[in-house]
Amino acid sequence: MTGFQPMKLLFLFLGGLVLLFIVAPLAGIYLATSPSEFMETATHREVAGSIWLTLWTSMLATVLFGVAAIPFSWILARRKFPLKRVVSAIIDIPIVIPGSAAGIAILGFVARDSVLGRIGSSMGISFVGNTPGIIVAMAFVSIPFLINAARDGFAAVPEKLEKAALNLGASPARVFLTISIPLAWRAILSGFIMMWARGMSEFGAVVIVAYHPMTTPVLIWERFTSYGLSYARPVTVVFITVCLLFFVILRTVSSKFENAGD
Amino acid sequence: MLAIEKISLRLGQFELNRVSFEVEKGEYFVLLGMSGSGKSVLLQVIAGLIPAGEGGVFLNGREITGEKVQKRGVGLVFQDAALFPNMNVYENIAYPLKARKRGRREIEKEVHELARLTGVDQLLKRSTVNLSGGEKQRVALARALALKPECLLLDEPLSSLDAQLRHELRSLLRKLNHNGQTIIHVTHDYEEAVLLAQRIGVIEGGTVVQQGTPSEVFQHPRSEFVARFTGIRNFFSGTLLDGAGTSRKFRINDIEFFLLSDEPPGEGFIVVRAEDIILSESMARSSAVNNFRGVVTERIPARMGTEVVVDIGIRMAVVLSDESAGSLGLEEGREIWISFKASALKFIRK
């Protein structure tokens, strides 16, 4: 084993560098922001409003589109169908294209003169420059995370259990609700968290579809381009704090879920 | 009652080839075959979990080949029990009742009755995750019975259990059968077949090569595969006599064998491996206590050596090397002595 010691040291060193690379910039902006500055920004109406907007739009995007995506994830995990690989690749497209490109595509899709835009406006919903547009943009870039997590979760449920449930007289819908979903629940929940976090942090797609009302990533960008770094930093720190807080809370709650399931 | 007609199917490495058999109401039918012979696939075809390629499944004269899985009324117990880990024992047993939208009271009553019958009434509130193998099988049985299945399908239900638990579960299966439950049980273990089956079907390479009562199948294997696979050409029913200690006698008609057993006296079977019997020209003075004079009635080349059938009042099969068979000059009609030790006899209670 002694022969491996230098390698172990090298790996530790590299790992430390990567960790530092992530932590250092974050620590830097925290250290550069005084507590009074932090409090002042956090209670500022424009900032608080944008954070609230970002939180609820991303959450709504996750719930609305996520619920529709879960049965689809099950199909991807269980069924064989032609062009399945193509479908899987299509699902990953939002991850690999730039947010701004996604924004341009969505804009064309939901603009007032598009089919969806006309349907929306007939029901009194306007996408562009409005919260429905923000929700659509967030959902577009973040939905792959949920679909992939849920698909892997469903795939990990032993198919035999679903078969056993069918054999015991349960309808396919009942099997899905009482066996598949409960057993894939951890993966689905973690997919929801990932989707929500991704939607919340989206800038490119959101800024193109709706500059106003301003989500926090847009607000940070606006402050930076109009007033400079020192003005954008406190908002950034507040937003990162809120994100981390929610992330930690949800992780804790979901791990409690997991333990209860054991 | 349940009829399988010419089921053919290819599924990966498994293949079923025109499988046909019938099971009567209240019958205990054992499908005996090596692992990979397609017997588990066949059960899933009957349950509708794998579509039949060709052929049909008939229940009480009605074809159910294309019937929805959840409407078939055949309960399948998987080899590893397949209990739902997100539910406790009670909820597992109640699952089929809830699926049928029974009332809460009725479900509670039914679950408790089934739990008593299968001996899991102390476990109802337990999680299924840390049950023992035997407990899991019992819960899976109770759950399948809650369906009130016309026919119960069991996939190697005893294979993961130790000897004591096997014994207990076998008694439970017999009890269920005595209560009128039709059962199809697949296994690779001939002892299970002997102990439980009213009729046996031997499955080889995806097809049923022989079916009949245990004595028909074991004493008159219709193919070398059956003979080799069951491995017990010498299989006889009779009575274990009372006696002191473990040295006992077993009587078939007026022939008595010495054997070692601590079982109580009663009806049962004995098994002697054909390889454990010695042939000699005159009565051998040896440690073997079972010595009989008989007549060679058959001499058949076997896969390994020669098989000779000697009639000593019952027909016993003996396997020996070609060299021995040659030097003894075992032509048909020749008189010969057979001998085997008491410990070569295995007694199986009925």
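Numbering of residues starts from 1 in every chain and runs along the sequence as written. As a convention, the first chain written is A and the first ligand written is 1, with the rest following in written order. Only residues with pLDDT of 70 or above have their local features reported here, since the model is predicted, and side-chain atom pairs are shown and tallied only from 80 upward, although totals for entire chains, interfaces and linings are computed over all residues. Side-chain metrics in this entry use all non-hydrogen atoms of the structure; hydrogen atoms and water are not considered.

Caption draft 1: Examining helix α5 (residues 163–178) of chain B more closely. Residues and elements named next belong to chain B. The helix count covers DSSP runs of H or I at least four residues long, the strand count covers runs of E at least two residues long, and both are numbered beginning at the N terminus. What a helix is expected to span follows from its residue count: subtract one and scale by 1.5 Å. The first and last C-alpha atoms of α5 sit 22 Å apart over 16 residues, in line with the 22 Å expected at 1.5 Å per residue. Those residues of α5 that sit buried are L169, R170, L172, L173, L176 and N177. Looking down the long axis of α5, one finds its buried residues gathered within 165° of arc, a one-sided arrangement. Summarising the geometry of α5, the exposed residues directed more than 90 degrees from the buried face are A163 and H178. Residue exposure (1.4 Å probe, protein chains only): buried if accessible area is under 20% of the type maximum, exposed if over 50%, otherwise partly exposed. Arc definition: directions from the helix axis to the C-beta atoms.

Caption draft 2: Region of the structure containing the packing of aromatic side chains. Centres within 6.5 Å are what make two rings of Phe, Tyr or Trp a pair, Trp counting through its six-membered ring; a difference in plane orientation under 30 degrees is then read as stacked, over 60 as edge-to-face, and the rest as tilted. On inspection of all chains with the given rule, the structure shows 13 aromatic pairs over all chains. A ring pair is formed by F257 of chain B and F292 of chain B, whose centres lie 5.1 Å apart and whose planes are at 70°; its orientation type is edge-to-face. Of the two residues, F257 of chain B is situated in strand β13 (residues 255–260) and F292 of chain B in strand β16 (residues 290–301); the sequence distance between them amounts to 35 residues. You'll find F257 of chain B and F292 of chain B in the same group, each marked buried. An aromatic cluster of at least three residues, connected via ring pairs, comprises W74, F154 and F176 of chain A.

Caption draft 3: Region of interest: a nonpolar patch on the surface. Residue and element names in this part refer to chain A. Surface patches are defined over residues having more than 30% relative accessible area and no salt bridge, joining like charges when they lie within 9 Å and nonpolar side chains (Val, Leu, Ile, Met, Phe, Trp, Tyr) when within 5 Å. Here the Shrake-Rupley method, with its probe set to 1.4 Å, supplies the accessible areas, and only the displayed protein chains count as covering residues. One speaks of a salt bridge when a side-chain nitrogen belonging to Lys or Arg is within 4 Å of a carboxyl oxygen belonging to Asp or Glu. On the surface, V18, L19, F21, I22, V23, L26, Y30 and L244 cluster together to form a nonpolar patch covering roughly 780 Å² of accessible area. Sort the elements by how many residues they give to the nonpolar patch and helix α1 (residues 5–31) lands first, with 7 residues. Looking at the element boundaries, V23 is found in helix α1. Classification of V23 as partly exposed rests on a relative accessible area of 46%.

Caption draft 4: Representation of the sheet that holds strand β20 (residues 345–349) of chain B within the structure. All names here are of chain B. Here, any two strands with at least 2 DSSP bridges between them count as paired. Pairing is antiparallel in the open sheet, where 5 strands are placed in the order β13-β12-β11-β14-β20. Whereas interior strands pair on both sides, the edge strands pair on one side only; in this sheet they are β13 and β20. Pairwise comparison of adjacent strand axes, ignoring direction, gives a mean angle of 40° for this sheet. With 5 bridges joining them, strand β14 (residues 266–272) and β20 adopt antiparallel strand pairing. Looking at the pairing, F269 lines up with I348 of β20. Axes, fitted as lines to C-alpha atoms, cover a helix only where it is in contact. Angles between the N-to-C directions of the axes lie from 0 to 180 degrees.

Caption draft 5: Summary view of the interface of chain B and chain A. Residues count as neighbours in contact if any of their non-hydrogen atoms are within 4.5 Å of one another. Contacts between the two partners involve 25 residues from chain B, matched on the other side by 18 residues from chain A. When chain B packs against chain A, close to 1,800 Å² is buried across both sides, 63% of that on carbon and sulfur atoms. Connecting chain B to chain A are 1 salt bridge. The residue D80 of chain B makes a salt bridge to K160 of chain A at a minimum N-O spacing of 2.9 Å. Contributions of two or more residues to the side of chain B that touches chain A are made by α1 (39–47), β6 (74–77), α2 (89–99) and α4 (133–145) of chain B. Accessible-area loss on putting two parts together, using a 1.4 Å probe and summing over both, is the definition of buried area adopted here.

Caption draft 6: Spotlight on helix α7 (residues 131–156) of chain A. Taking 1.5 Å per residue, 26 residues should reach 38 Å; α7 of chain A reaches 36 Å between its end C-alpha atoms and fits that length. For α7 of chain A, the buried fraction is high: 19 of the 26 residues fall into the buried class.

Caption draft 7: Molecular detail of the packing of α7 of chain A against helix α9 (residues 172–201) of chain A. Residues and elements named next belong to chain A. Their axes nearest at 7 Å, the elements α7 and α9 cross at an angle of 150°. If you check the angle between α7 and α9, you find them roughly antiparallel. Regarding α7 and α9, the two cross each other, and that crossing is right-handed. Grouping the constituent residues of the contact of α7 with α9 by class yields 18 nonpolar, 5 polar and 1 charged. Under this scheme an angle from 65 to 115 degrees is roughly perpendicular, one under 35 degrees roughly parallel, and one over 145 degrees roughly antiparallel; angles in between are oblique. Left-handed is the label given to a crossing in which the near helix is rotated counterclockwise from the far helix by less than a right angle, and right-handed is the label when the rotation is clockwise. The residue classification treats Ala, Val, Leu, Ile, Met, Phe, Trp, Tyr, Cys and Pro as nonpolar and Asp, Glu, Lys and Arg as charged. All others, Gly included, are polar.

Caption draft 8: Region of interest: the environment of V217 of chain B. Residue and element names in this part refer to chain B. Along the chain, V217 falls in helix α7 (residues 214–219). Classification of V217 as buried rests on a relative accessible area of 0%. For the pair V217 and I200, spaced 17 residues apart in sequence, the C-alpha to C-alpha distance is 7.3 Å. Setting aside residues no more than four positions away along its own chain, V217 makes contact with I200, V202, Q210, Q211, G212 and V226.

Caption draft 9: Seen up close, the nonpolar core. Residue and element names in this part refer to chain B. To form a nonpolar core, buried Ala, Val, Leu, Ile, Met, Phe, Trp, Tyr and Cys residues must be joined to one another through side-chain atoms within 4.5 Å. In this structure, I93, L141, L152, L154, L173, I200 and F218 are the most contacted members of the largest nonpolar core, which totals 50 residues. In terms of residue count, the dominant contributor to this core is α4 (6 residues). As annotated, the domain borders come from an automatic or database domain assignment. Each of two domains, domain 1 (2–230) and domain 2 (234–349), supplies a minimum of three residues to this core. In this view, L141 contacts V77, T118, L152, L154, L169, L172, L173 and L176; residues no more than four positions away in its chain are not counted. One finds V19, L42, I46 and V57 within the second-largest nonpolar core, a separate group that totals 45 residues.

Caption draft 10: Seen up close, the sheet that holds strand β5 (residues 62–63) of chain B. Residues and elements named next belong to chain B. Spatial ordering of the open sheet is given by β2-β1-β4-β5, a layout of 4 strands whose pairing is antiparallel. Of all the strands in the sheet, the pair left with one neighbour each is β2 (14–23) and β5. Here 5 bridges tie strand β1 (residues 2–11) to strand β4 (residues 54–59), and the two strands are oriented antiparallel to one another. Across the sheet, residue I4 finds its bridge partner in β4, namely V57.

Caption draft 11: Structural context of the environment of G333 of chain B. All names here are of chain B. Considering the arrangement of structural elements, one finds G333 in the loop between α9 (322–328) and β19 (335–340). Spatially, the C-alpha atoms of G333 and T187 are 39 Å apart, while their sequence positions differ by 146 residues. Other than its neighbours up to four places away in sequence, G333 contacts V295 and V296.

Caption draft 12: Representation of the domain arrangement of chain B within the structure. All names here are of chain B. Domain annotation of chain B identifies domain 1 (2–230) and domain 2 (234–349). Of note, the centres of domain 1 and domain 2, computed from C-alpha atoms alone, are 35 Å apart. Of the residues lining the interface, 10 residues belong to domain 1; the matching set on domain 2 comes to 9 residues. Run the count over domain 1 and domain 2 and you get 0 salt bridges. Counted as a polar contact is a pair of N or O atoms within 3.5 Å, where, for protein atoms, one must be capable of donating a hydrogen and the other of accepting one, and residues adjacent in sequence contribute only when both atoms are in side chains. For the pair domain 1 and domain 2, the number of links is 0 residue pairs in polar contact (both at pLDDT 80 or more). Of all the secondary-structure elements, those providing two or more residues to the side of domain 1 that touches domain 2 are α6 (190–196), α7 and α8 (224–230).

Caption draft 13: Geometry of the packing of α2 of chain B against helix α3 (residues 104–118) of chain B. Residue and element names in this part refer to chain B. Taken N-terminus to C-terminus, the directions of α2 and α3 make an angle of 125°; their axes are 10 Å apart at the nearest point. In terms of axis orientation, α2 runs oblique to α3. Like other packed secondary-structure pairs, α2 and α3 cross with a definite hand, here right-handed. Where α2 abuts α3, its residues Y90, I93, A94, L97 and K98 lie against I107, E108, E110, V111, H112 and L114. Partitioning the contact of α2 with α3 into residue classes produces 7 nonpolar, 1 polar and 3 charged.

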